[in-house]
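Results of the structural survey
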Amino acid sequence: MAQTEERDIGFLFKQINMQIKKGIDKALMEYDLTTSQSRVLFFIYFREKDKTSMKDIEEHLKVTHPTVIGIVKRLEEKGFVTTASDPEDRRVKLVTITQKTTKMIKKLDQGRRKMDEKLLKGFTEQETKELRRMLSMIEDNLREAD
């Protein structure tokens, strides 16, 4: 336990992130998806009925336009999304998930919930609430530093 107290916060976050990523990568292998591709799919899925443009994805992932084009192109080749010009503004390219994606997302979301349960094992409801609050503060602090 003393060793844990001596490790810096950044190192602990890195170790936790590596373990979470390992679990995510294992689940995504079944669908031949990368973490970035899955983030795009989840983003579109949880926007529900909102239109999703390439620009929306760029802003959400905080990546460049060429990166989004590559991710979406590969997702389209795999049958997870379709793209089309926005009828209201032909310059805007919209991305829509397919039925195949909807089924997969539901299964992956169950896995995500199980991961949360694993991460929070032994925490009380109040401790969980406080942890979420503190993690949000850390995220905000890092954004301010940018």
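Shown above is the structure to which this text applies.
Here's what I pulled together on the structure shown here.

**Considerations on the overall build of the chain**
- When you go through the chain residue by residue, the secondary structure sums to seven helices and two strands.
- Beginning at the N terminus, the succession of helices and strands in the chain can be written as α-α-α-α-α-β-β-α-α.
- For the chain, the C-alpha atoms occupy an extent of roughly 60 × 35 × 25 Å along the three principal directions.
- Across the 146 residues in the chain, those meeting the buried criterion constitute 25%.
- Of all intrachain contacts in the chain linking residues separated by at least 6 positions in sequence, the fraction that spans at least 24 positions is 46%.
- Separation of charge centres in the chain, based on 30 positive and 26 negative side chains, amounts to 6 Å.

**What to know about the packing of helix H3 (residues 35-46) against helix H5 (residues 65-77)**
- Between H3 and H5, whose axes approach to 10 Å, the crossing angle comes to 80°. Viewed along their axes, H3 and H5 adopt a mutual orientation that is roughly perpendicular. Contacts between H3 and H5 pair Ser36, Gln37, Val40 and Leu41 from the former with Ile71, Arg74 and Leu75 from the latter.

**A look at the layout of surface pockets**
- What the largest pocket holds in volume is close to 2,500 Å³.
- For the largest pocket, the lining is made up of 47 residues, of which Asn17, Ile20, Ile24, Asp116 and Leu119 are closest to its centre.
- Listing elements by their share of the lining of the largest pocket, those giving two or more residues are helix H2 (9-29), H3, helix H4 (54-61), helix H6 (99-119) and helix H7 (125-145).
- In terms of residues, the lining of the largest pocket owes the most to one element, H2, which gives 14 residues.
- Class assignment of the residues belonging to the lining of the largest pocket gives a composition of 23 nonpolar, nine polar and 15 charged.

**Quick look at H2**
- With 21 residues, H2 should cover 30 Å at 1.5 Å per step; its first-to-last C-alpha distance of 30 Å lies within 8% of that length.
- Its side-chain oxygen placed 3.2 Å from the backbone nitrogen of glycine 10, aspartate 8 serves as the N-cap of H2.

**Brief notes about the pairing of strand S1 (residues 81-86)**
- Judged from the six bridges that link them, S1 and strand S2 (residues 89-97) form a sheet pairing that is antiparallel. Pairing of alanine 84 across the sheet is with leucine 94, part of S2.
- The antiparallel pairing of S1 with S2 creates a hairpin that spans two residues between the two strands.

**Observations regarding the packing of aromatic side chains**
- According to the stated counting rule, one finds two aromatic pairs in the structure shown.
- Plain terms: the ring middles of phenylalanine 42 and phenylalanine 46 are 5.9 Å apart, the flat faces sit at 20° to each other, and that makes the pair stacked. With phenylalanine 42 and phenylalanine 46 both in helix H3 and four residues apart, this pair spans about one turn of that helix.
- Consider the rings of tyrosine 45 and phenylalanine 46, whose centres lie 5.0 Å apart with planes at 85°: the pair is edge-to-face.
- Among the residues examined, tyrosine 45 registers a relative accessible area of 22% and is labelled partly exposed.

Basis of the calculations
Residues numbered from 1 in each chain as written. Predicted model: local features only at pLDDT ≥ 70, side-chain atom pairs only at ≥ 80, totals over all residues. Heavy atoms only, no water. Helix = DSSP H or I, 4+ residues; strand = E, 2+ residues; numbered from the N terminus. Buried < 20%, exposed > 50% of the residue type's maximum accessible area, 1.4 Å probe, protein only. Contact = heavy atoms within 4.5 Å. Lys, Arg positive; Asp, Glu negative; His and termini not counted. Charge placed at Lys NZ, Arg CZ, Asp CG, Glu CD. Axes fitted to C-alpha atoms, helices over the stretch in contact; angles between N-to-C directions. Parallel < 35°, antiparallel > 145°, perpendicular 65-115°, else oblique. 1 Å grid on protein atoms, 1.4 Å probe; cavity = no way out; pocket = protein on both sides within 12 Å on 5 of 7 lines; lining within 4 Å. Points joined across faces, edges and corners; volume = space filled by probe spheres on them. Nonpolar A, V, L, I, M, F, W, Y, C, P; charged D, E, K, R; others polar. Expected span 1.5 Å × (residues − 1). Polar contact = N/O pair within 3.5 Å; in protein donor to acceptor, adjacent residues only side chain to side chain. Pairing = 2+ DSSP bridges. Phe/Tyr/Trp six-rings, centres within 6.5 Å; stacked < 30°, edge-to-face > 60°.

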